[in-house]
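Below are the chains, spelled out letter by letter.
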Amino acid sequence: MGWFRENAFAIAIGTLLVSGGLLVVVLGYVSLVVYAALTAGVSLVGVVTDLAVPYLPIVAVLVVLLTVSTVGVSWGLLRRLSLPRSDRLGSAAERAEKRYPVLDELGIADALTPPEPTTEEKLEALKRQYVTGEIDETTFERELDRFVADDSVDDERVRTEREAALNRRTS
């Protein structure tokens, strides 16, 4: 299911183009036959009845494929839009996905939950808090040591960040 989920948007676009093109071809052929019947003076009811048997199921399948692929492309475009992201929206979507498992396939919670901050962003926020005086030196040191303990940052990096923050704070 992973491959399909990763390529669902491309599959939906391809299905939309193919089913739409085939539907145009089939309906164009049917209209040409009806036009030829009208100009030749043949009974229109007989021609339409002869066409309905083989072409009606084909048209029905193509209309269903076109509708489903249109919904898929629309959903894919909506997912790529700049949606508001917040923990509240994400948790509400997670609750809905737990209650209705079919929604889990759509990935609504993933689209609405803000991404986790990177280690770089966390370090920058920590430095900013220290430089502006929101946290004291002890808290700053403790948080830097926590980064090292999590193995998300190496010791050398913490040392240089510590020195840069201390220099910025004293200047």
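Before reading further, recall that the structure is shown in the block above.
Remember, it's a predicted structure, so these values are computed and weren't measured experimentally.

Asks: Please provide a residue-by-residue account of the overall build of the protein chain, values included.
Replies: When you go through the protein chain residue by residue, the secondary structure sums to seven helices and zero strands. For the protein chain, the C-alpha radius of gyration of 30 Å lies well beyond 16 Å, the compact-globule estimate for 171 residues. Across its three principal directions, the C-alpha atoms of the protein chain cover 100 × 35 × 25 Å. Relative to its full complement of 171 residues, the protein chain shows a buried share of 19%. A separation threshold of at least 6 residues defines the contact pool for the protein chain, and within that pool the share at least 24 residues apart is 63%. Of the roughly 11,900 Å² of accessible surface on the protein chain, 63% is carried by carbon and sulfur atoms. If you average the places of the 18 positive and of the 25 negative side-chain charges in the protein chain, the two averages end up 5 Å apart.

Asks: So what about a negative patch on the surface? Which residues, and what values?
Replies: A cluster of acidic side chains, namely Glu94, Asp104, Glu105 and Asp110, defines a negative patch on the protein surface. Following the sequence through the fold, glutamate 105 ends up in the loop between helix H3 (87-99) and helix H4 (108-112).

Asks: Which residues make up the nonpolar core, and what values do they have?
Replies: Of all hydrophobic cores here, the largest spans nine residues; its members are Leu123, Leu126, Tyr130, Ile135, Phe140, Leu144, Phe147, Val158 and Ala165. At the level of elements, helix H5 (119-132), helix H6 (137-149) and helix H7 (155-170) are the ones that each hand at least two residues to this core.

Asks: Could you give an account of H3, with specific residues and numbers?
Replies: Here H3 contains 13 residues, and its C-alpha end-to-end distance of 18 Å stays within 8% of the 18 Å for a straight helix at 1.5 Å per residue. Among the residues of H3, those classed as buried are Gly90, Ala93 and Glu97. The buried residues of H3 all sit within an arc of 65° when viewed along its axis, so they share a single face. Of the residues in H3, the exposed ones pointing more than 90 degrees away from the buried face are Asp87, Arg88, Arg95, Lys98 and Arg99. Contacts from the buried residues of H3 go to H4.

Rules and cut-offs
Residues numbered from 1 in each chain as written. Predicted model: local features only at pLDDT ≥ 70, side-chain atom pairs only at ≥ 80, totals over all residues. Heavy atoms only, no water. Helix = DSSP H or I, 4+ residues; strand = E, 2+ residues; numbered from the N terminus. Rg over C-alpha atoms; globule rule 2.2 N^0.38 Å. Buried < 20%, exposed > 50% of the residue type's maximum accessible area, 1.4 Å probe, protein only. Contact = heavy atoms within 4.5 Å. Areas by Shrake-Rupley, 256 points an atom, 1.4 Å probe, with all protein chains shown as cover. Lys, Arg positive; Asp, Glu negative; His and termini not counted. Charge placed at Lys NZ, Arg CZ, Asp CG, Glu CD. Patch = residues over 30% accessible without salt bridge, like charges linked within 9 Å, V, L, I, M, F, W, Y side chains within 5 Å. Salt bridge = Lys/Arg side-chain N within 4 Å of Asp/Glu carboxyl O. Core = buried A, V, L, I, M, F, W, Y, C linked by side-chain atoms within 4.5 Å. Expected span 1.5 Å × (residues − 1). Arc of directions from axis to C-beta.

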